[in-house]
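# Observations on chain architecture
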Amino acid sequence: MKVFFNELFDYNFYCNKKIIDNAMAIEKVPEKSQELFSHILNAHHIWNARILGRPSDFGIWDKHAIKDWADIHYENQRSSFDITTNADNFEKRIDYENTEGRLFTNTLQDILFHIINHSTNHRGQIATDFRNNNIEPIVLDYVYYKR
């Protein structure tokens, strides 16, 4: 499982870094895309905090300046790699409160996979938003990454 999740987080790091680099290079990033990418960063941070039993200092829809995306992204990835590297049981149950204060329990592997899947979903929305704003989206399909 460690190898599997490290590969997925490598892919996640690559994709998010491509979006960050692209956002830094274009003249105007659509507002919706800025909101969605900030949301990706926030959710990743919040889930890492839940796994580690720490409070999060991000709200789910906090908006970050594009210039801050890379630092937040790097810290998220570093934290996730620490989690996967030090995990001895991916079936471990994690208790957490959602953003509405309700209590839930999921396995570590389910939460880690959710982080990746959640990011992929919103990167797809960003690609659509780019296209709707006449900006060519980046190809971020997993198979292209693996080639």
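Below is a summary of the structure that appears in this document. These numbers were taken from a predicted model, which means no experiment stands behind them.

## Looking at the overall build of the chain
Scanning the chain from N- to C-terminus turns up five helices and two strands. The C-alpha radius of gyration computed for the chain amounts to 15 Å, which stays within 12% of the reference 15 Å derived for 147 residues, consistent with globular compactness. In terms of principal-axis extent, the alpha carbons of the chain reach across some 45 × 35 × 20 Å. When the 147 residues of the chain are sorted by exposure, 44% land in the buried category. Counting only contacts in the chain whose residues sit at least 6 apart along the sequence, the fraction spanning at least 24 positions is 69%. Of the roughly 8400 Å² of accessible surface on the chain, 50% is carried by carbon and sulfur atoms.

## A word on the nonpolar core
If you look at the biggest cluster of nonpolar residues, it comprises 18 residues, and the most contacted ones within it are F37, W69 and I126. When sequence neighbours within four positions are dropped, the list of residues in contact with I126 reads S33, L36, F37 and I40.

## Some details on the packing of aromatic side chains
Evaluation of the coordinates by the stated rule reveals 10 aromatic pairs. With a centroid separation of 5.3 Å and an interplanar angle of 55 degrees, the aromatic rings of Y11 and Y145 are classed as tilted. Of this pair, Y11 sits in helix 1 (residues 2-25) while Y145 sits in helix 5 (residues 142-146), and the two are 134 residues apart along the sequence. For the pair Y142 and Y145, a centre-to-centre distance of 6.1 Å together with 40 degrees between the ring planes defines the contact as tilted. Of this pair, Y142 and Y145 both sit in helix 5, three residues apart, which is roughly one turn of that helix. By relative accessible area, Y142 is classed as partly exposed at 32%. Classification of Y145 by relative accessible area gives partly exposed; the value is 27%. Here the aromatic residues Y11, Y14, Y142 and Y145 are joined through ring pairs into a cluster of three or more. The lysine or arginine in question, R123, covers the ring of Y11, its NZ or CZ lying 5.7 Å from the ring centre.

## Some points on the pattern of salt bridges
With the rule as written, the count across this model stands at seven salt bridges. In this structure, K67 engages D68 in a salt bridge whose closest nitrogen and oxygen atoms are separated by 3.2 Å. Of the residues examined, K67 reaches a relative accessible area of 61% and is grouped as exposed. Of the charged contacts, one joins R78 and E75 as a salt bridge, the two residues approaching to 2.4 Å between their closest N and O atoms. Of this pair, R78 and E75 both sit in helix 3 (residues 66-86), three residues apart, which is roughly one turn of the helix. Look at the salt bridges and you will find they share partners, linking E75, R78 and D82 into a network.

## Description of the side chain of S80
Mapped onto the secondary structure, S80 falls in helix 3. Classification of S80 as buried rests on a relative accessible area of 0%. In this structure, S80 is in contact with F9, H44 and N48, ignoring residues within four places of it in sequence.

How each quantity is defined
Residues numbered from 1 in each chain as written. Predicted model: local features only at pLDDT ≥ 70, side-chain atom pairs only at ≥ 80, totals over all residues. Heavy atoms only, no water. Helix = DSSP H or I, 4+ residues; strand = E, 2+ residues; numbered from the N terminus. Rg over C-alpha atoms; globule rule 2.2 N^0.38 Å. Buried < 20%, exposed > 50% of the residue type's maximum accessible area, 1.4 Å probe, protein only. Contact = heavy atoms within 4.5 Å. Areas by Shrake-Rupley, 256 points an atom, 1.4 Å probe, with all protein chains shown as cover. Core = buried A, V, L, I, M, F, W, Y, C linked by side-chain atoms within 4.5 Å. Phe/Tyr/Trp six-rings, centres within 6.5 Å; stacked < 30°, edge-to-face > 60°. Lys NZ or Arg CZ within 6 Å of the ring centre and 35° of its normal. Salt bridge = Lys/Arg side-chain N within 4 Å of Asp/Glu carboxyl O.

Just distances and angles here, no functional claims.
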